[in-house]
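Geometric and topological summary
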Amino acid sequence: MATSANHPVNSDLLFCPRLIPASQQQALPDGFAVRPLSIKDYDKGFLQALSQLTTVGDLTKEQFVDRFSYLKAHNHEYFTIVIEDVKKSLIIAAGTVFVERKFVHNTGLVGHIEDIVTLQTYRGLNLGKRIIETLKDIGKGRGCYKVILDCSDKNIPFYEKCGFVHKEYEMVWYIDESKNTPAAAKPIVKSKL
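Quick caveat, the model's predicted, so the values are computed rather than measured.

Parameters and conventions
Residues numbered from 1 in each chain as written. Predicted model: local features only at pLDDT ≥ 70, side-chain atom pairs only at ≥ 80, totals over all residues. Heavy atoms only, no water. Buried < 20%, exposed > 50% of the residue type's maximum accessible area, 1.4 Å probe, protein only. Helix = DSSP H or I, 4+ residues; strand = E, 2+ residues; numbered from the N terminus. Pairing = 2+ DSSP bridges. Contact = heavy atoms within 4.5 Å. Axes fitted to C-alpha atoms, helices over the stretch in contact; angles between N-to-C directions. Expected span 1.5 Å × (residues − 1). Salt bridge = Lys/Arg side-chain N within 4 Å of Asp/Glu carboxyl O.

Counting buried residues along strand 4 (residues 78–85), eight of its eight residues qualify, which places the element largely inside the surrounding structure. Where burial is concerned, the two faces of strand 4 agree: the one with Tyr78, Thr80, Val82 and Glu84 and the one with Phe79, Ile81, Ile83 and Asp85 are both buried. Pairing between strand 3 (residues 32–36) and strand 4: five bridges, direction antiparallel. Within strand 4, the residue paired with alanine 33 across the bridge is glutamate 84. What sits between the antiparallel neighbours strand 4 and strand 5 (residues 90–101) is a turn of four residues, in which serine 89 has the positive phi angle 50°.

Among the secondary structure elements, threonine 80 is positioned in strand 4. With a relative accessible area of 6%, threonine 80 lands in the buried category. Those residues within four positions of threonine 80 in sequence are excluded, and the remaining contacts are Leu14, Phe15, Arg35, Pro36, Leu37, Phe46, Gly95 and Thr96.

Further remarks concern the sheet that holds strand 7 (residues 144–149). Sheet architecture is open: five strands sit in the order 3-4-5-6-7, paired in mixed fashion. In the strand order of this sheet, the two ends are held by strand 3 and strand 7, each with one partner. Across the sheet, the mean angle from the axis of one strand to that of its neighbour is 20°, orientation sign disregarded. For strand 6 (residues 109–118) and strand 7, the ladder comprises five bridges, and the chain directions are parallel. Bridge assignment links valine 110 to a residue of strand 7, and that residue is lysine 146. Helix 5 (residues 127–141) contacts strand 3, strand 4, strand 5, strand 6 and strand 7 of the sheet and is inclined by roughly 150° relative to strand 4.

With 15 residues, helix 5 should cover 21 Å at 1.5 Å per step; its first-to-last C-alpha distance of 21 Å lies within 8% of that length. Listed in full, the buried residues belonging to helix 5 are Leu127, Gly128, Arg130, Ile131, Ile132, Glu133, Thr134, Leu135, Ile138 and Gly139. In the stretch just after helix 5, glycine 143 is the one whose phi turns positive, near 95°.

Applying the stated rule across the entire model yields nine salt bridges. A salt bridge links lysine 136 to glutamate 133; its shortest N-O distance comes to 3.3 Å. You can see lysine 136 and its partner glutamate 133 sitting in helix 5, three residues apart, about one turn around the helix. Take lysine 136: its relative accessible area is 23%, and that puts it in the partly exposed class. Judged by relative accessible area, glutamate 133 falls into the buried class, the value being 15%. Sharing partners across several salt bridges, the network here consists of Arg35, Asp41, Lys44 and Glu84.

Quick look at the structure:
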């Protein structure tokens, strides 16, 4: 196995697993493992887990690998983790923290938590809390001065139990997806400054 900056590198994983504190693995029930997303997770139900959260679409394995490769090339910003039921080789929970680079706060970093999901049949085992706590640890470890997320009103009590406080409001502007396809997208023109 190759090494990078004195950490083992597993080409199947999105990022170095050492960014996940051992205490997070120890807090899980036996037979479950928390780890970075793997390129092999397409076949372990990762997209099916996400589909319990929102619309995923009919992604092919090639599309999954393309997106995974992009995220891995930017693995200083994208940290998607999963919890696997190891005996079943099944992804049962997942979440992402994206690290945004800011000009404010002395070019500070902000972690954005996204796409938190636990398979319905595994709810009640505190796996969602474990995902959130792991993502908070990763954000803190990457030097973020805060970690934020958006959620529906019904999920506010859960996130408060995870240490989040209500602040401000989310606003959204949806783009008509029928006009937002790769074929319809216009090329980006770089301006000359």
